Amino acid sequence: MAKVELKQPIVQEIAANVDGAQSVVVVDYRGLTVAEDTQLRKELREAGITYKVYKNTLMKRAFEGTDFAALDPVLEGPSAIAISKDDATAPARILAKFAKTADRLEIKAGVVEGGFYDAKGMQAISAVPSRDELLGKLPGSLQSPIANFARVINQIAEAGGSAAGAGAVEETESNLANASEA
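All figures in this text were calculated on a predicted structure; none of them were measured in a lab.

Some details on the packing of aromatic side chains
- Tallying each qualifying case throughout the model produces one aromatic pair.
- When the ring of F63 is compared with that of F68, the centres are 6.1 Å apart and the planes differ by 55°; the resulting orientation is tilted. This pair shows no difference in class: F63 is buried, exactly as F68 is.

As structure tokens, this is what we get:
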């Protein structure tokens, strides 16, 4: 059997793993202890992220014709890839957090939602909260202006139509302007 025939299933496996991926992050795992590597794999697996070590040449072949081909220049030396199909920022977040305690882990680069990011860019991506966290904050962000508006309307209603009401309306307009600036 020729070498190419042996490598083709691996290239197909890589291509299948990155097909439809939100992000792919390349790391240099050199120097990690077995315990650190096991812990990292566990954290990534629990977050639904595929983490694999492949030969660079096979990854380059699998990435041909995709957004992930932008990673070719960083595929030098020992490389592993973290692939997420659900949460685009999860691999960067987990890897960056893990790298704080395991300083041998180095994020080389990544492709997130079609865009290439170098190591510094991936650090910035790692600071972005997950989609679930952002959705959790959304109701509070929406509720605050609505609550301010309700208070203003209530002040107008309490003031009635008297001369004091005219002052309340001016104060209310001022409050609305201040609330929209906040």
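Side note on the sheet that holds strand 1 (residues 23-28)
- If you trace the five strands from one edge of the open sheet to the other, you get 2-3-1-4-5, paired in antiparallel fashion. Whereas interior strands pair on both sides, the edge strands pair on one side only; in this sheet they are strand 2 (50-53) and strand 5 (115-118). Ignoring which end each strand starts from, the neighbouring axes of this sheet average 20° apart.
- One ladder, built from four bridges, connects strand 4 (residues 106-112) with strand 5; its direction is antiparallel. By the bridge assignment for strand 5, V111 is matched with F116.
- Sheet strands in contact with helix 5 (residues 119-126) are strand 1, strand 4 and strand 5, and its direction is about 75° off that of strand 4.

So, the nonpolar core
- Within the largest apolar cluster, 23 residues are counted, with the highest numbers of intra-cluster contacts made by V27, L40, L44, Y51, L95, L105 and I107.
- Ranked by the residues each element gives to this core, the list is headed by helix 4 (residues 90-101), at seven residues.
- Residues within four places of L95 in sequence aside, it is in contact with V25, V27, L40, L44, A82, L105 and I107.
- By size, the runner-up hydrophobic cluster in this structure holds 19 residues, among which are V18, A21, V24 and V74.

Digging into unusual backbone geometry
- Phi is positive for E113, close to 50°, though the residue is something other than glycine.
- For E113, the location among the structural elements is in the loop between strand 4 and strand 5.

Let's talk about the pairing of strand 4
- The buried fraction of strand 4 amounts to six of the seven residues, a majority that puts the element mostly inside the structure.
- Examined bridge by bridge, strand 1 and strand 4 share six bridges and lie antiparallel to one another. Bridge pairing links V26 to A109 in strand 4.
- Hairpin connection from strand 4 to strand 5: two residues lie between these consecutive antiparallel strands, with E113 at a positive phi of about 50°.

A few points about helix 5
- Of all the residues in helix 5, the buried ones are G121, M122, I125 and S126. For helix 5, the arc enclosing every buried residue in end-on projection is 145°, short of the 170-degree limit, so these residues lie on one face.
- Where helix 5 is buried, its residues touch strand 1, helix 4, strand 4 and strand 5.
- The distance from a side-chain oxygen at the start of helix 5 to the backbone nitrogen of K120 is 3.2 Å, and the residue carrying that oxygen is D118.

Topic: the packing of helix 2 (residues 34-46) against helix 4
- Relative orientation of the contacting elements helix 2 and helix 4 amounts to 155°, with a least axis distance of 11 Å. On the basis of their axis angle, the class for helix 2 and helix 4 is roughly antiparallel. For helix 2 against helix 4, the interelement crossing comes out right-handed. Residues E36, Q39, L40, E43 and L44 of helix 2 form the contact with helix 4, whose participating residues are I94, L95, F98 and T101.
- Taken together, the residues that form the contact of helix 2 with helix 4 break down as five nonpolar, two polar and two charged.

Cut-offs used in this document
- Residues numbered from 1 in each chain as written.
- Predicted model: local features only at pLDDT ≥ 70, side-chain atom pairs only at ≥ 80, totals over all residues.
- Heavy atoms only, no water.
- Phe/Tyr/Trp six-rings, centres within 6.5 Å; stacked < 30°, edge-to-face > 60°.
- Buried < 20%, exposed > 50% of the residue type's maximum accessible area, 1.4 Å probe, protein only.
- Pairing = 2+ DSSP bridges.
- Helix = DSSP H or I, 4+ residues; strand = E, 2+ residues; numbered from the N terminus.
- Axes fitted to C-alpha atoms, helices over the stretch in contact; angles between N-to-C directions.
- Contact = heavy atoms within 4.5 Å.
- Core = buried A, V, L, I, M, F, W, Y, C linked by side-chain atoms within 4.5 Å.
- Arc of directions from axis to C-beta.
- Polar contact = N/O pair within 3.5 Å; in protein donor to acceptor, adjacent residues only side chain to side chain.
- Parallel < 35°, antiparallel > 145°, perpendicular 65-115°, else oblique.
- Left-handed = near helix turned anticlockwise from the far one by under 90°.
- Nonpolar A, V, L, I, M, F, W, Y, C, P; charged D, E, K, R; others polar.

All quantities given are derived from atomic positions and should not be read as evidence of function.
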